[in-house]
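Single-letter residue listing:
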Amino acid sequence: MKLEKIITCISAVIALIAAVFLFFHFYPENLLRRSEPAVNPKDMEPGVIYTGSRAGEDIQRLSGKEEFAALTFDYDYVTVEGKEIIPTKVYSLKPWVNPYSTQRINRRATGVKRRKKDIITSALDMQEDYNQYYLLELSDSSYILAQIPPGEASAIRRGKEITLPIGRKTRLNQTAKSLLTEICNQYGVETEGVLYTFDEEWYEKHYIWVFLIRFAAAFAALFVIAVILDFAVGKIGKKIGAKYHDTI
């Protein structure tokens, strides 16, 4: 194989890896929602759900798991200034995605609809249909179960202390509870409830756009990186080749 072809193949592989990494680690939600105002209790109207909205200064900050245990299910609005999260590798189906997939045989659609699992334990979620459960550390170093947007989860993993979107205590799926029992026992976490911080209405309207923006960014990165690497490595290869011929 000629040197030019080898260089092109290497550049394409590196660019593809970078593009895939960007796709799974770029979260445009925060960019799309940055103009939304923070919400305080005085701003809340009856009958409107504020879960997932930006938390104002007057939203209750949870400091310990006892405070979380005392919350009323699906009623009290709270937030957390996250310090650390621990992935549980247990995931629940996003409420805003289509719960049914078309069964295929030999890559052909059969027309038979198959319901997706409500709970999975695999991180291979190529369609991004699932939200992970995390153990979220509170200010007193205790932990609670939480489901938080991936952008916020990524920021906390990088060591940033951020204020999460407004959340409410919701009930835990029984299958998820059984799968989470072991890790929750290790950290003294109750499995009766989970802090849920997703704005389901917003994601239902925008999740296709979020996916397309991420895909477009990854595709652009693939093209740009491949061209730059092919050019840069090509020049290096030509210099090496020229020196080699000079020594013969």
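Caption draft 1: Looking closely at the overall build of the protein. Within the protein one finds 6 helices and 12 strands. Long-range contacts, defined here as pairs at least 24 residues apart, represent 71% of the contacts in the protein between residues at least 6 apart. Of the roughly 15,500 Å² that the protein leaves accessible, carbon and sulfur atoms contribute 57%.

Caption draft 2: Structural context of the sheet that holds strand 11 (residues 168-171). Pairing within the open sheet is mixed, and its 6 strands lie in the order 7-4-8-9-12-11. Of all the strands in the sheet, just strand 7 (119-120) and strand 11 have a single pairing partner and so form its edges. One ladder, built from 6 bridges, connects strand 4 (residues 85-93) with strand 8 (residues 130-137); its direction is antiparallel. Each residue of the ladder has a partner; that of Leu 93, found in strand 8, is Tyr 130. In this fold helix 5 (residues 174-186) packs onto strand 4, strand 7, strand 8 and strand 9 (143-147), with an angle of close to 170° to the strand it touches most, strand 4.

Caption draft 3: Quick peek at the pattern of salt bridges. Applying the stated rule across the entire model yields 10 salt bridges. For Glu 81, the salt bridge is made with Arg 61, and the minimal N-O distance between the two is 3.5 Å. Residue Glu 81 is found in strand 3 (residues 81-82), and its partner Arg 61 is found in strand 1 (residues 60-61); the two are separated by 20 residues along the sequence. According to the relative accessible area criterion, Arg 61 is partly exposed, its value standing at 27%. A salt bridge links Asp 129 to Lys 116; the shortest N-O distance between them is 2.8 Å.

Caption draft 4: Representation of the layout of surface pockets in the model. In this structure, the second largest pocket occupies an estimated 350 Å³ of space. Contributing to the lining of the second largest pocket are 21 residues, with Asn 30, Gly 52, Arg 54, Glu 152 and Pro 165 lying nearest its centre. Sorting the residues of the lining of the second largest pocket by element identifies helix 2 (29-32) and helix 4 (150-157) as the ones contributing at least two each. With 3 residues, the top contributor of residues to the lining of the second largest pocket is helix 4. Considered class by class, the residues forming the lining of the second largest pocket number 8 nonpolar, 6 polar and 7 charged.

Caption draft 5: Representation of a nonpolar patch on the surface in the model. There is a patch of nonpolar side chains on the surface, built from Leu 32, Ile 208, Trp 209, Phe 211, Leu 212, Ile 213, Phe 215 and Phe 219 and spanning about 790 Å² of accessible area. Looking at the nonpolar patch, the element that brings in the most residues is helix 6 (residues 200-247), giving 7 residues. Within the secondary structure layout, Ile 208 lies in helix 6.

Caption draft 6: A look at helix 4. Most of helix 4 is tucked away: 6 of the 8 residues are buried. Among the residues of helix 4, those classed as buried are Gly 151, Glu 152, Ala 153, Ser 154, Ala 155 and Ile 156. Looking at the buried side of helix 4, the elements it contacts are helix 2, strand 3, strand 4, strand 8 and strand 10 (162-163). The positive-phi residue at the C-terminal boundary of helix 4 is Gly 159, with phi of around 95°.

Caption draft 7: Main features of the pairing of strand 9. In terms of residue burial, strand 9 counts as a mostly covered element, since 5 of its 5 residues are buried. Strand direction decides the pairing type here: strand 8 and strand 9, joined by 4 bridges, are antiparallel. Directly across from Leu 135, in strand 9, lies its bridge partner Leu 145. Here 2 bridges tie strand 9 to strand 12 (residues 193-196), and the two strands are oriented parallel to one another.

Caption draft 8: Examining the environment of Tyr 207 more closely. Counting through the fold element by element, Tyr 207 comes out in helix 6. In this structure Tyr 207 comes out as partly exposed when scored by relative accessible area, which is 29%. Residues Tyr 207 and Glu 128, spaced 79 residues apart in sequence, show a C-alpha to C-alpha distance of 9.9 Å. Setting aside residues up to four positions removed in sequence, Tyr 207 forms contacts with Trp 96 and Val 97.

Caption draft 9: Fine view of the pairing of strand 12. In strand 12, alternate side chains face the same way, and those of Gly 193 and Leu 195 on one face and Val 194 and Tyr 196 on the other are all buried. The pairing of strand 11 with strand 12 spans 4 bridges and is antiparallel. Following the sheet pairing, Lys 169 is matched in strand 12 by Leu 195.

Cut-off values and rules
- Residue numbering note: each chain is counted from 1, following its sequence as written.
- With pLDDT at 70 or above as the cut-off, local features in this predicted model cover only qualifying residues; side-chain atom pairs require 80 or more to be listed or tallied, and sums for whole chains, interfaces and linings still use all residues.
- Excluding hydrogens and water, the side-chain figures rest on all heavy atoms present in the structure.
- Per the convention used, a helix needs a DSSP run of H or I reaching at least four residues, while a strand needs a run of E reaching at least two, with both numbered from the N terminus.
- Here, two residues are considered to be in contact whenever any of their heavy atoms come within 4.5 Å of each other.
- Each accessible area value is a Shrake-Rupley result obtained with a 1.4 Å probe; residue values ignore everything except the protein chains displayed when judging cover.
- Strand pairing is assigned whenever DSSP identifies at least 2 bridges connecting the two strands.
- Only the contacting stretch of a helix is used when fitting its axis, a line to C-alpha atoms as for every element, and angles between N-to-C directions run 0 to 180 degrees.
- Any carboxyl oxygen of Asp or Glu that lies within 4 Å of a side-chain nitrogen of Lys or Arg is treated as forming a salt bridge with it.
- Only protein chains enter the accessibility calculation, which uses a 1.4 Å probe. A residue is then buried if its area is under 20% of the maximum for its type, exposed if over 50%, and partly exposed in between.
- Computed over the protein atoms alone on a 1 Å grid, cavities are sets of points where a 1.4 Å probe fits but cannot get out and pockets are open sets with protein on both sides within 12 Å along at least five of seven lines; a residue lines them when it has an atom within 4 Å of a point.
- Grid points are joined across faces, edges and corners, and a volume is the space filled by probe spheres set on the points.
- Residue polarity follows a fixed list, in which Ala, Val, Leu, Ile, Met, Phe, Trp, Tyr, Cys and Pro are nonpolar, Asp, Glu, Lys and Arg are charged, and the others, Gly among them, are polar.
- Only residues whose relative accessible area exceeds 30% and that form no salt bridge enter a patch; like-charged residues are grouped when within 9 Å of one another, and nonpolar side chains (Val, Leu, Ile, Met, Phe, Trp, Tyr) when within 5 Å.

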